[in-house]
Amino acid sequence: SGALVAPDVHALDLLTLRWRKDKCSGVVPPAVRDHVAVAIGSRMVVVGGSTASGYLDGSRLSVLETETMRWSSLKCTGHVPSARAGHAAAMTPSTSD
């Protein structure tokens, strides 16, 4: 439908297969669609997507600490990915060059 979704967090209990809606605090991200989320330890990092204002680039990341259900926002620099939506992402082990 192309509609934006509220920045709600739903979690699935894999033992009971029961969904729940979690309450979060902190810097809650805007309503967004076509974004990606990657789990890194106890954090979920949300990248890109589109809002009512347009597409988001990789300069701002929304991070949810899943142990406290608290959102934060990170500002990134360097070779920032261009604005994108409907993309994919994956976590890989860190390496040193």
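Residues numbered from 1 in each chain as written. Predicted model: local features only at pLDDT ≥ 70, side-chain atom pairs only at ≥ 80, totals over all residues. Heavy atoms only, no water.

This next bit is on the pairing of strand 5 (residues 43–47). In this structure, strand 4 (residues 36–40) lies alongside strand 5, joined through five bridges in antiparallel fashion. From the neighbouring strand, Ala-39 faces strand 5, where its bridge partner is Met-44. The pairing of strand 5 with strand 8 (residues 60–65) spans four bridges and is classified as antiparallel. Looking across to strand 8, one finds that Val-46 is bridged to Ser-62. (Pairing = 2+ DSSP bridges. Helix = DSSP H or I, 4+ residues; strand = E, 2+ residues; numbered from the N terminus.)

In this section: unusual backbone geometry. Phi at Asp-34 takes a positive value of approximately 60°, unusual for a residue other than glycine. With respect to the helices and strands, Asp-34 occurs in the loop between strand 3 (25–26) and strand 4. Even without glycine at this site, Met-69 takes up a positive phi of about 55°.

The subject of this paragraph is the environment of Tyr-55. Assignment of secondary structure puts Tyr-55 in strand 7 (residues 54–55). For Tyr-55, a relative accessible area of 59% corresponds to the exposed category. Considering only alpha carbons, one finds Tyr-55 and Ser-82, 27 residues apart in sequence, at a separation of 9.2 Å. Excluding residues that lie within four positions of it along the chain, Tyr-55 makes contacts with Gly-49, Ser-50, Ala-83, Arg-84 and Ala-85. (Buried < 20%, exposed > 50% of the residue type's maximum accessible area, 1.4 Å probe, protein only. Contact = heavy atoms within 4.5 Å.)

In this section: the sheet that holds strand 3. Taken together, five strands build an open sheet; the order of strands is 3-9-8-5-4 and the sheet is mixed. Looking along the sheet, the strands with just one partner apiece sit at the ends: strand 3 and strand 4. Of the strand pairs in this sheet, strand 8 and strand 9 (residues 70–75) are connected by six bridges, and their pairing is antiparallel. Across the sheet, Arg-60 pairs through a bridge with Lys-75, a residue of strand 9.

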